[in-house]
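Residue strings, one per chain:
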Amino acid sequence: MPSEEGGTVEAEGSKTTLLARARLAARELACEATSPQARAGACLDLLADIGVDERLEPFRRALHGLPVDERHYWIGTLYTLMLPTKVRRLQATYFTPPAVADAVINFAIEAGFDLWSDDVLDPAAGGAAFLSTIAGRMTSAGLATKEVAYRLNGIEIDAGLAILSRRLIAERLRAPLPREVILIGDALRVPIPASYGLVIANPPYGRMSMEEVPGNAWRRVAHSGHINKYALFAELSFRHAKPGGIVALVIPSSFRSGPLYNRMRQFIRSQGEVLTIGSIAGRDGVFLDVAQDISVLIARKGKAHRPDVKVWFPIIGTTTQAGTVVAQALPARSEDAWPLPPVDPETIGGATLADYGVTAKAGYFVWNREQARLVMKLGPLDGFPLIWAKNIRAGEICQPAGKQGTKMDFVTFAEPSAAVVRTPAAVMQRTTNDKQPRRLIAAIVDPAVVVRWGGFVTENHTIVLTAESPKRLALAVKLLNTSAVDQRYRRVSGTAAVSVTLLRQLDLPTPAAFSAALREADGDAETAALTAYRRQQELVEA
């Protein structure tokens, strides 16, 4: 069983100070350090006790009081902050914090990675977070510096980062490297002839067009029109792991449940045994400027994953005790979503939205594709008010108020349409950002809107909930806005977007249990939701 990995990257105040100093140094250097080599040179200056550039002194002094893992991470971070924003996003240059890198390597070792005998490949080497740390582990285990250098292999698309990573590994080994451990190139395009005992990566992510994708390997893990870089790196990682070798990936959690990642899930299960699916504690603040939920995947290449084999689901970045790590089997169908275990596996609601008489569907109007139909005044035209996602606030009655929350917008119709909502309804935000504490945000639409206009429409970043019974609908909305349900949904979904399918399948307390708990709690929905989940389990046990 993998251990629960405790600790955080740093105390928040210290991290905030270091980040502020890194940003200040990047602003001062960016105008001069415009080439990869110049950026690498500026960062390498920080390795010396006495540097050339006095502007870096406050940052240098702070770094030299840190452990080597932390120092290397912040030097790499400075490099990324000097990159032009467009380049940084294109390359998805976001480095792995030391606490996460340590946890992933520990999981790999527990899965069978042998520090004494296995070769290692990182096809997205970045700031050498993995390779440098593994180099330190290998030397601590007693391996000679030269042997370590010949066992580590990395590929990095950014020439400056490749230079920087080589030096960071050399500093870790306290000796010059006898070979080019990090090669410069795009791992998706360069030949990789060997196979490795460990393929480990925090690969770049982002959509790719068909013109950008080399070869046909993408068909194994993606659908045309929805090809993500990290899925291609996952395919590459399994392809270049030797039989029995370990694949360790830090990737967006969207692969666990996204409908368009079903091929990737099928592929992973076909390639070997899934051992660990770790969660990074907290939605933000772990990866610099990254708002995605992040997961850790550990698998052993070989026979296909059997449905009866249990997978460990640890949480990385907390101080939770190791005994709380939960194991559960993946769904029987290989393409189905991989939900995380419930926070409390003993509590099962036993109902879904359908039991509340509620149906859910995605919002209708894609405004940027049909801008001619979006107007601020109807005049002689037939149309209905538009509800934007920004109009939705949990616990408040929702009114159509325009995209900026001021004047009402309308969508025109040339003929009758089923897209117009004419019944009691609620709306939910379909996407959330890292500043919002909740993933599920729902609100009842003011019935006066239907009375006044005969109906309304919503944009595609919303979900519409309808029901014949306004009371049942209001009960469901109250439940959806609780922390208990929000946390349960997060365990099922790995993305910032709310899936209509997953929402329909979400385990909820029965209407009777929640209604009774609300009466007992004097209307406190948060308390009632927790009570209702527990009550259903008591009924099952009785």
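We now turn to the structure provided with this report.

Below, the discussion takes up the overall build of the chain. Within the chain, the regular secondary structure consists of 18 helices and 22 strands. The C-alpha atoms of the chain give 26 Å as radius of gyration, which agrees with the globular expectation for 542 residues (24 Å, within 12%). Burial status across the chain gives 55% buried among its 542 residues. Residue pairs at least 24 apart in sequence account for 75% of intrachain contacts in the chain once pairs closer than 6 positions are excluded. On the chain, roughly 23,700 Å² of surface is accessible, and the fraction owed to carbon and sulfur atoms is 54%. Taking the 62 positively charged and 55 negatively charged side chains of the chain as two groups, their mean positions are separated by 5 Å.

Below, the discussion takes up empty space enclosed by the protein. Applying the stated criterion across every chain yields a total of four cavities of 30 Å³ or more. Taken as a whole, the largest cavity encloses approximately 140 Å³ of empty space. Forming the boundary of the largest cavity are 15 residues, of which D69, H72, Y73, A129 and T133 lie nearest the centre. At the level of elements, α4 (68-82), α6 (98-111), α7 (129-140) and α9 (159-173) are the ones that each hand at least two residues to the lining of the largest cavity.

Tracing the backbone through its elements, the reader meets G185 in the loop between β3 (182-184) and β4 (196-201). Along the chain, G185 and D158 lie 27 residues apart, while their C-alpha atoms are 7.5 Å from each other. Ignoring sequence-local partners within four residues, the contact set of G185 consists of I155, E156, I157 and V190.

In total, this model carries nine aromatic pairs according to the counting rule given. Each ring, one from Y73 and one from W74, has its centre 5.2 Å from the other, and the planes form 75°; the classification is edge-to-face. This pair shows no difference in class: Y73 is buried, exactly as W74 is. Between Y364 and F365, the ring centres sit 6.4 Å apart and the planes meet at 35°, which makes this aromatic pair tilted. Here F365 falls in the buried class, since its relative accessible area comes to 0%. Among the aromatic residues, those joined into a ring-pair cluster are Y364, F365, F384 and F413. The ring centre of Y533 lies 4.0 Å from the NZ or CZ of R488, which sits over that ring.

Running from N to C, helix α10 (residues 229-239) and helix α12 (residues 262-271) cross one another at 10°; their axes reach a closest spacing of 11 Å. Classed by the angle they form, the pair α10 and α12 counts as roughly parallel. Facing Y230, A231, A234, E235 and F238 of α10, the residues of α12 in contact are M264, F267, I268 and Q271. Here the residues of the contact of α10 with α12 sort into seven nonpolar, one polar and one charged.

In this section: the pattern of salt bridges. All told, the structure shown has 20 salt bridges when counted by the stated rule. A salt bridge links R71 to E171; the nearest nitrogen and oxygen atoms lie 3.9 Å apart. Residue R71 is found in helix α4, and its partner E171 is found in helix α9; the two are separated by 100 residues along the sequence. A residue is classified by how much of its surface remains accessible, and R71, at 13% relative accessible area, is buried. The class of E171 is partly exposed, set by a relative accessible area of 26%. Between D186 and R189 there is a salt bridge, and its shortest N-O distance comes to 3.8 Å. One network of salt bridges, with partners in common, ties together D45, E57 and R60.

Another point: the nonpolar core. Within the largest apolar cluster, 40 residues are counted, with the highest numbers of intra-cluster contacts made by M264 and I268. At the level of secondary structure, the elements contributing two or more residues to this core comprise β4, α10, β7 (241-252), α12, β8 (272-280), β9 (294-301) and β10 (310-313). No other element matches α10, which puts seven residues into this core. The contacts of I268, once residues within four sequence positions are left out, are F238, F255, V274, L297 and W338. Grouped together as the second largest cluster of nonpolar side chains are 37 residues, A101, A108, A111 and I182 included.

What counts and how
Residues numbered from 1 in each chain as written. Predicted model: local features only at pLDDT ≥ 70, side-chain atom pairs only at ≥ 80, totals over all residues. Heavy atoms only, no water. Helix = DSSP H or I, 4+ residues; strand = E, 2+ residues; numbered from the N terminus. Rg over C-alpha atoms; globule rule 2.2 N^0.38 Å. Buried < 20%, exposed > 50% of the residue type's maximum accessible area, 1.4 Å probe, protein only. Contact = heavy atoms within 4.5 Å. Areas by Shrake-Rupley, 256 points an atom, 1.4 Å probe, with all protein chains shown as cover. Lys, Arg positive; Asp, Glu negative; His and termini not counted. Charge placed at Lys NZ, Arg CZ, Asp CG, Glu CD. 1 Å grid on protein atoms, 1.4 Å probe; cavity = no way out; pocket = protein on both sides within 12 Å on 5 of 7 lines; lining within 4 Å. Points joined across faces, edges and corners; volume = space filled by probe spheres on them. Phe/Tyr/Trp six-rings, centres within 6.5 Å; stacked < 30°, edge-to-face > 60°. Lys NZ or Arg CZ within 6 Å of the ring centre and 35° of its normal. Axes fitted to C-alpha atoms, helices over the stretch in contact; angles between N-to-C directions. Parallel < 35°, antiparallel > 145°, perpendicular 65-115°, else oblique. Nonpolar A, V, L, I, M, F, W, Y, C, P; charged D, E, K, R; others polar. Salt bridge = Lys/Arg side-chain N within 4 Å of Asp/Glu carboxyl O. Core = buried A, V, L, I, M, F, W, Y, C linked by side-chain atoms within 4.5 Å.

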